[in-house]
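# Commentary on secondary and tertiary structure
Spelled out, the chains give:
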Amino acid sequence: MSSPSLEVHGQLSAKPVTPWPKVLITALMSAVAISIIVLAFSWPTVTSEPKSIPLMIAGPEQQVEMVQDQLEDAQPDLFDITTGDDRDAAVEDIEHRDVYGAIVIGQPVEVLSASANNAATGQILHRVGEQLGQKTGMPVTQTDLIPFSENDPNGAGLGVLSFPMVMGGLAGGIVIGLQVIGGGRKIVAVLLYGVLAGFAVTALGGPLLDVFQR
(Lines give C-alpha, C1' and ligand atoms only; values in the text may rest on other atoms or scores of the structure.)
Protein backbone atom coordinates (compact mmCIF):
# COMPACT_ATOMS: atom_id res chain seq x y z
CA MET A 1 0.00 0.00 0.00
CA SER A 2 1.52 3.29 -1.08
CA SER A 3 1.85 6.17 1.32
CA PRO A 4 0.05 9.51 0.72
CA SER A 5 3.39 11.30 0.30
CA LEU A 6 4.41 9.04 -2.61
CA GLU A 7 1.05 9.51 -4.29
CA VAL A 8 1.32 13.27 -4.03
CA HIS A 9 4.89 13.20 -5.37
CA GLY A 10 3.81 11.09 -8.33
CA GLN A 11 0.99 13.47 -9.13
CA LEU A 12 3.30 16.48 -9.01
CA SER A 13 6.03 14.90 -11.14
CA ALA A 14 3.73 13.57 -13.84
CA LYS A 15 3.44 15.92 -16.83
CA PRO A 16 0.22 16.04 -18.81
CA VAL A 17 0.57 14.86 -22.40
CA THR A 18 0.06 17.31 -25.24
CA PRO A 19 -3.46 17.20 -26.67
CA TRP A 20 -3.67 15.78 -30.19
CA PRO A 21 -5.11 18.97 -31.74
CA LYS A 22 -2.10 20.92 -30.45
CA VAL A 23 0.26 18.25 -31.86
CA LEU A 24 -1.32 18.55 -35.30
CA ILE A 25 -1.37 22.36 -35.23
CA THR A 26 2.30 22.49 -34.16
CA ALA A 27 3.33 20.17 -36.99
CA LEU A 28 1.29 22.20 -39.48
CA MET A 29 2.73 25.54 -38.35
CA SER A 30 6.26 24.11 -38.48
CA ALA A 31 5.67 22.97 -42.07
CA VAL A 32 4.35 26.43 -42.97
CA ALA A 33 7.40 28.05 -41.37
CA ILE A 34 9.90 25.93 -43.31
CA SER A 35 7.96 26.59 -46.53
CA ILE A 36 8.21 30.35 -45.96
CA ILE A 37 11.96 30.07 -45.29
CA VAL A 38 12.51 28.02 -48.46
CA LEU A 39 10.55 30.56 -50.52
CA ALA A 40 12.44 33.47 -48.97
CA PHE A 41 15.78 31.99 -50.01
CA SER A 42 14.87 30.48 -53.39
CA TRP A 43 12.25 32.84 -54.86
CA PRO A 44 14.64 35.74 -55.70
CA THR A 45 17.08 33.35 -57.39
CA VAL A 46 14.42 31.61 -59.46
CA THR A 47 12.41 34.66 -60.52
CA SER A 48 15.01 37.44 -60.80
CA GLU A 49 16.21 38.63 -64.20
CA PRO A 50 19.19 40.84 -65.01
CA LYS A 51 18.17 44.39 -65.81
CA SER A 52 19.83 47.80 -66.13
CA ILE A 53 23.37 46.46 -65.66
CA PRO A 54 25.74 49.48 -65.55
CA LEU A 55 27.98 49.21 -68.62
CA MET A 56 30.46 51.61 -70.18
CA ILE A 57 31.33 51.76 -73.87
CA ALA A 58 34.60 53.55 -74.53
CA GLY A 59 36.11 54.55 -77.86
CA PRO A 60 35.47 56.72 -80.92
CA GLU A 61 32.04 58.32 -80.80
CA GLN A 62 30.70 56.85 -84.05
CA GLN A 63 31.69 53.30 -83.16
CA VAL A 64 30.40 53.71 -79.62
CA GLU A 65 26.98 54.69 -80.95
CA MET A 66 26.96 51.70 -83.31
CA VAL A 67 27.73 49.21 -80.53
CA GLN A 68 25.25 50.91 -78.20
CA ASP A 69 22.49 50.63 -80.80
CA GLN A 70 23.26 46.94 -81.33
CA LEU A 71 23.09 46.17 -77.62
CA GLU A 72 19.87 48.12 -77.08
CA ASP A 73 18.21 46.51 -80.10
CA ALA A 74 19.17 43.00 -78.96
CA GLN A 75 18.06 43.43 -75.31
CA PRO A 76 16.61 46.87 -74.63
CA ASP A 77 16.45 46.68 -70.82
CA LEU A 78 19.55 44.64 -70.10
CA PHE A 79 22.15 47.43 -69.83
CA ASP A 80 22.29 50.94 -68.43
CA ILE A 81 24.89 52.29 -70.83
CA THR A 82 27.27 55.19 -70.27
CA THR A 83 30.11 56.29 -72.52
CA GLY A 84 33.77 56.95 -71.80
CA ASP A 85 36.86 58.20 -73.54
CA ASP A 86 39.32 55.33 -73.20
CA ARG A 87 40.28 52.11 -71.45
CA ASP A 88 41.71 53.89 -68.41
CA ALA A 89 38.39 55.57 -67.72
CA ALA A 90 36.60 52.22 -68.03
CA VAL A 91 39.02 50.48 -65.66
CA GLU A 92 38.67 53.26 -63.09
CA ASP A 93 34.87 53.09 -63.16
CA ILE A 94 34.90 49.30 -62.80
CA GLU A 95 37.29 49.40 -59.85
CA HIS A 96 35.10 52.02 -58.16
CA ARG A 97 32.00 49.92 -58.96
CA ASP A 98 30.38 52.72 -60.94
CA VAL A 99 29.90 50.17 -63.74
CA TYR A 100 29.98 46.37 -63.78
CA GLY A 101 31.86 46.12 -67.06
CA ALA A 102 32.95 47.90 -70.20
CA ILE A 103 33.42 47.48 -73.91
CA VAL A 104 36.55 49.22 -75.15
CA ILE A 105 36.49 49.71 -78.91
CA GLY A 106 39.88 49.37 -80.52
CA GLN A 107 42.02 46.85 -82.32
CA PRO A 108 40.94 44.42 -81.00
CA VAL A 109 37.71 45.21 -79.16
CA GLU A 110 38.13 44.42 -75.46
CA VAL A 111 35.38 43.44 -73.03
CA LEU A 112 36.28 44.27 -69.44
CA SER A 113 34.53 42.59 -66.53
CA ALA A 114 34.97 41.95 -62.80
CA SER A 115 33.56 38.51 -62.07
CA ALA A 116 34.26 38.82 -58.32
CA ASN A 117 31.90 41.79 -58.30
CA ASN A 118 29.06 39.66 -59.67
CA ALA A 119 29.51 36.22 -61.20
CA ALA A 120 26.26 36.33 -63.20
CA THR A 121 27.11 39.71 -64.69
CA GLY A 122 30.56 38.46 -65.64
CA GLN A 123 28.99 35.58 -67.57
CA ILE A 124 26.58 37.95 -69.34
CA LEU A 125 29.43 40.23 -70.41
CA HIS A 126 31.40 37.24 -71.66
CA ARG A 127 28.47 36.21 -73.88
CA VAL A 128 28.07 39.80 -75.08
CA GLY A 129 31.70 39.80 -76.18
CA GLU A 130 31.25 36.56 -78.12
CA GLN A 131 28.07 37.83 -79.81
CA LEU A 132 29.72 41.16 -80.64
CA GLY A 133 32.58 39.39 -82.36
CA GLN A 134 30.19 37.23 -84.38
CA LYS A 135 28.04 40.18 -85.52
CA THR A 136 30.81 42.63 -86.35
CA GLY A 137 33.49 40.21 -87.48
CA MET A 138 35.99 42.09 -85.32
CA PRO A 139 38.39 40.29 -82.99
CA VAL A 140 37.25 40.53 -79.36
CA THR A 141 39.32 39.85 -76.27
CA GLN A 142 37.97 39.22 -72.76
CA THR A 143 39.68 40.65 -69.66
CA ASP A 144 38.57 39.87 -66.12
CA LEU A 145 39.99 42.72 -64.05
CA ILE A 146 38.95 41.34 -60.66
CA PRO A 147 38.49 37.55 -60.81
CA PHE A 148 37.62 35.23 -57.98
CA SER A 149 40.45 33.64 -56.04
CA GLU A 150 42.16 30.52 -57.33
CA ASN A 151 40.69 28.54 -54.44
CA ASP A 152 37.16 29.63 -55.40
CA PRO A 153 37.19 30.31 -59.16
CA ASN A 154 33.39 30.16 -59.55
CA GLY A 155 32.44 32.17 -56.47
CA ALA A 156 30.73 29.19 -54.82
CA GLY A 157 32.24 30.06 -51.46
CA LEU A 158 30.17 33.22 -51.19
CA GLY A 159 26.97 31.24 -51.61
CA VAL A 160 28.11 28.61 -49.10
CA LEU A 161 28.85 31.29 -46.52
CA SER A 162 25.52 33.08 -46.93
CA PHE A 163 23.35 30.51 -45.13
CA PRO A 164 25.60 30.16 -42.05
CA MET A 165 25.74 33.96 -41.87
CA VAL A 166 21.94 34.18 -41.88
CA MET A 167 21.60 31.47 -39.25
CA GLY A 168 24.38 33.01 -37.17
CA GLY A 169 22.66 36.39 -37.35
CA LEU A 170 19.41 34.86 -36.12
CA ALA A 171 21.17 32.95 -33.35
CA GLY A 172 23.02 36.04 -32.16
CA GLY A 173 19.83 38.08 -32.11
CA ILE A 174 17.97 35.39 -30.16
CA VAL A 175 20.74 35.00 -27.59
CA ILE A 176 21.00 38.76 -27.07
CA GLY A 177 17.22 39.05 -26.80
CA LEU A 178 17.08 36.37 -24.11
CA GLN A 179 20.22 37.18 -22.14
CA VAL A 180 20.43 40.99 -22.21
CA ILE A 181 17.88 43.05 -20.27
CA GLY A 182 17.33 46.73 -21.04
CA GLY A 183 16.62 48.44 -24.36
CA GLY A 184 19.85 50.45 -24.53
CA ARG A 185 21.97 47.47 -23.51
CA LYS A 186 20.36 45.32 -26.19
CA ILE A 187 21.15 47.95 -28.85
CA VAL A 188 24.79 48.14 -27.71
CA ALA A 189 25.04 44.33 -27.69
CA VAL A 190 23.60 44.04 -31.19
CA LEU A 191 25.93 46.73 -32.57
CA LEU A 192 28.97 45.17 -30.91
CA TYR A 193 27.92 41.72 -32.13
CA GLY A 194 27.58 43.02 -35.68
CA VAL A 195 31.06 44.58 -35.65
CA LEU A 196 32.80 41.56 -34.09
CA ALA A 197 30.96 39.08 -36.31
CA GLY A 198 31.78 41.17 -39.38
CA PHE A 199 35.50 41.11 -38.58
CA ALA A 200 35.34 37.39 -37.80
CA VAL A 201 33.58 36.47 -41.06
CA THR A 202 35.95 38.67 -43.05
CA ALA A 203 38.96 36.99 -41.44
CA LEU A 204 37.54 33.53 -42.10
CA GLY A 205 36.50 34.28 -45.68
CA GLY A 206 39.68 36.20 -46.52
CA PRO A 207 43.03 35.00 -45.16
CA LEU A 208 41.81 31.58 -43.96
CA LEU A 209 39.46 30.35 -46.71
CA ASP A 210 40.67 32.73 -49.46
CA VAL A 211 37.13 33.43 -50.69
CA PHE A 212 36.92 37.23 -50.37
CA GLN A 213 38.95 39.35 -52.77
CA ARG A 214 40.06 42.91 -52.03
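Residues numbered from 1 in each chain as written. Predicted model: local features only at pLDDT ≥ 70, side-chain atom pairs only at ≥ 80, totals over all residues. Heavy atoms only, no water.

Its 14 residues give helix H3 (residues 61-74) an end-to-end C-alpha distance of 20 Å, which sits within 8% of 20 Å, the value for a rise of 1.5 Å per residue. Every buried residue belonging to H3 is among Val 64, Val 67, Gln 68 and Leu 71, and all of these are buried. Here the buried residues of H3 occupy an arc of 100° about the axis, which is enough to place them on one side. Every exposed residue of H3 that faces more than 90 degrees away from the buried side is listed here: Gln 62 and Asp 73. (Helix = DSSP H or I, 4+ residues; strand = E, 2+ residues; numbered from the N terminus. Expected span 1.5 Å × (residues − 1). Buried < 20%, exposed > 50% of the residue type's maximum accessible area, 1.4 Å probe, protein only. Arc of directions from axis to C-beta.)

Attention now moves to the side chain of Thr 121. Here Thr 121 is to be found in helix H5 (residues 119-136). Setting aside anything within four residues of it in sequence, one finds Thr 121 in contact with Ile 53 and Tyr 100. (Contact = heavy atoms within 4.5 Å.)

Once that is clear, we can look at the pairing of strand S1 (residues 53-58). Burial of S1 is extensive: 5 of the 6 residues sit out of reach of the surface. Sheet analysis places S1 next to strand S2 (residues 79-84), joined by 6 bridges and oriented parallel. Within the sheet, the bridge partner assigned to Ile 57 lies in S2 and is Thr 83. Between S1 and its parallel partner S2, the chain crosses via H3, and the hand of that crossover is right-handed. By the bridge criterion, 4 bridges tie S1 to strand S3 (residues 101-104) in an arrangement that is parallel. Each residue of the ladder has a partner; that of Met 56, found in S3, is Ala 102. (Pairing = 2+ DSSP bridges. Right-handed = clockwise from strand over helix to strand, strands pointing away.)

So, about the packing of H3 against H5. How two helices pack is summed up by the angle between their axes together with the distance between the axes. Viewed as axis vectors pointing N to C, H3 and H5 meet at an angle of 115°, and their least axial separation amounts to 12 Å. Classified by the angle between their axes, H3 and H5 sit roughly perpendicular to one another. The way H3 lies across H5 gives a crossing that is right-handed. For the pair H3 and H5, the contacting residues are Val 67, Gln 70, Leu 71 and Ala 74 in the first and Val 128, Leu 132, Lys 135 and Thr 136 in the second. Along the lines of polarity and charge, the residues of the contact of H3 with H5 split into 5 nonpolar, 2 polar and 1 charged. (Axes fitted to C-alpha atoms, helices over the stretch in contact; angles between N-to-C directions. Parallel < 35°, antiparallel > 145°, perpendicular 65-115°, else oblique. Left-handed = near helix turned anticlockwise from the far one by under 90°. Nonpolar A, V, L, I, M, F, W, Y, C, P; charged D, E, K, R; others polar.)

Within this structure, the stated rule accounts for 1 salt bridge. With its nearest N and O atoms 2.8 Å apart, the salt bridge here joins Arg 87 to Glu 110. Of this pair, Arg 87 sits in helix H4 (residues 87-95) while Glu 110 sits in strand S4 (residues 109-113), placing them 23 residues apart in sequence. Residue classification places Glu 110 among the buried residues on the basis of a relative accessible area of 13%. (Salt bridge = Lys/Arg side-chain N within 4 Å of Asp/Glu carboxyl O.)

Residues Gln 107 and Pro 108 are joined by a peptide bond in cis, for which omega reads 5°. Inspection of the secondary structure assignment puts Pro 108 in the loop between S3 and S4. Phi angles above zero are rare outside glycine, and Ser 52 is one such case at about 55°. With respect to the secondary-structure elements, Ser 52 resides in the loop between helix H2 (20-47) and S1.

Moving on to the environment of Lys 186. Tracing the sequence through the fold places Lys 186 in helix H7 (residues 183-208). Assessed through its relative accessible area of 32%, Lys 186 is described here as partly exposed. Residues Lys 186 and Ala 200, 14 residues apart in the sequence, show an inter-C-alpha distance of 21 Å. Lys 186 has contacts with Ile 176, Gly 177, Val 180 and Ile 181, leaving out every residue within four places of it along the chain.

With respect to topology, 5 strands assemble into an open sheet ordered S2-S1-S3-S4-S5, the strand pairing being mixed. Edge positions in the open sheet fall to S2 and strand S5 (140-144), since each of these has one partner strand only. Going from strand to strand, the sheet's axes swing by 20° on average, the running direction of each strand aside. With respect to the sheet, H5 is in contact with S1, S2, S3, S4 and S5, its orientation differing from that of S5 by roughly 165°.

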